[in-house]
Amino acid sequence: DYAEALNNRGNCLVDLAKLEDALESYDRALAHRPKYVDALINRANTLRLLGRLDEALANFERALIFKSDHAEGYLGHGNALLALKRPAEALHSYDRTIALAPAATEALANRGRALRELKRYDESLSSYHRTLSIRPDDAALLVGRGNTHYAMKSFAAALADYDRAIAIRPDFAEAHGNRGNALRELGRH
């Protein structure tokens, strides 16, 4: 009946890619402590990994009722909303995450993606620039910023981001594919 141990067990099972077993461990923790916010958030993140997005969203919302200033809860909430193709709502959750934890780079990066999906490209670039100032060698961030440049039809800038991402991570398939698309748009067949 030791909720913390059951929660930590669930975390280990997630790391071992045993997601259903992890859910069972979180459920056992929550059976003993129904308002255990960390277990609720871990459960929600696991549900998101399993593609059970509506259930994940409900778990994040429940956790945030119990602890309304939980940055990780808002981050997960935003991630679930973004996966559900609800970028405007996700943006609100990312902004709340950043207000609570200003250096939350995942929230900054995903904020950039949400803004891109909302076609608010200048704001998207601003989020990526801010994130890259903290993590300048993050290939995924460079691809994200490149994707915003691409959406703006700034293909040369997109190409530069993709090239830099590939220099950091030569095996990054998405960067190579996006680079090819940018080269095509630039007429460099």
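Please refer to the structure higher up on the page.
Every chain is numbered on its own, with residues counted from 1 as its sequence reads. Where totals are concerned, whole chains, interfaces and linings use all residues; where local detail is concerned, this predicted model gives features only for residues with pLDDT of at least 70, and gives and counts side-chain atom pairs only at 80 or more. Derived side-chain values reflect all non-hydrogen atoms in the structure, with water molecules and hydrogen atoms excluded from consideration.

Draft legend 1. Region of the structure containing unusual backbone geometry. Here K119, not a glycine, exhibits a phi torsion of approximately 65 degrees, which is positive. Accessibility here uses a 1.4 Å probe with only protein chains present; expressed as a share of the type maximum, an area under 20% marks a residue as buried, one over 50% as exposed, and anything in between as partly exposed. What makes K119 exposed here is its relative accessible area of 60%.

Draft legend 2. Looking closely at the environment of A109. A run of H or I in DSSP becomes a helix once it reaches four residues, and a run of E becomes a strand once it reaches two; helices and strands are each numbered from the N terminus. Its location among the elements puts A109 in helix α7 (residues 105–117). The sequence separation of A109 and H129 amounts to 20 residues, and the corresponding C-alpha distance is 9.2 Å. Any two residues whose heavy atoms approach within 4.5 Å at even a single point are treated as in contact. Once residues within four sequence positions are removed from consideration, A109 is found in contact with Y128, T131 and L141.

Draft legend 3. Just α7, in detail. With 13 residues, α7 ought to run about 18 Å at 1.5 Å a step, and its terminal C-alpha atoms sit 19 Å apart, in line with that. Among the 13 residues of α7, ten are classified as buried, and the element is accordingly described as predominantly covered. T105, A107, L108, A109, N110, R111, G112, A114, L115 and R116 are the residues of α7 that are buried. Those residues of α7 hidden inside the fold are in contact with α5 (71–83), α6 (87–100), α8 (121–134) and α9 (139–151). Directly beyond the C-terminal end of α7, a positive phi value near 65 degrees is found at K119. Given the number of residues in a helix, its expected span is that number minus one, multiplied by 1.5 Å.

Draft legend 4. Highlighting the packing of aromatic side chains. Under the pairing criterion, centres of Phe, Tyr and Trp rings, with the six-membered ring standing for Trp, must be within 6.5 Å; the plane angle then separates stacked pairs below 30 degrees from edge-to-face pairs above 60, leaving the rest tilted. Under the definition given, this model contains one aromatic pair. Measuring from centroid to centroid gives 5.0 Å for Y150 and F155, while their planes differ by 70 degrees, and the two rings are edge-to-face. For Y150, a relative accessible area of 24% translates into the label partly exposed. Here F155 falls in the buried class, since its relative accessible area comes to 14%. Above the ring of Y36, the side-chain terminus of R33 is found at 4.0 Å from the ring centroid. The lysine or arginine in question, R169, covers the ring of F172, its NZ or CZ lying 3.8 Å from the ring centre. Throughout this description, the term charge over a ring refers to an Arg CZ or Lys NZ atom that lies within 6 Å of the ring centre and within 35 degrees of the ring normal.

Functional significance is not addressed by these values, which are geometric in nature.
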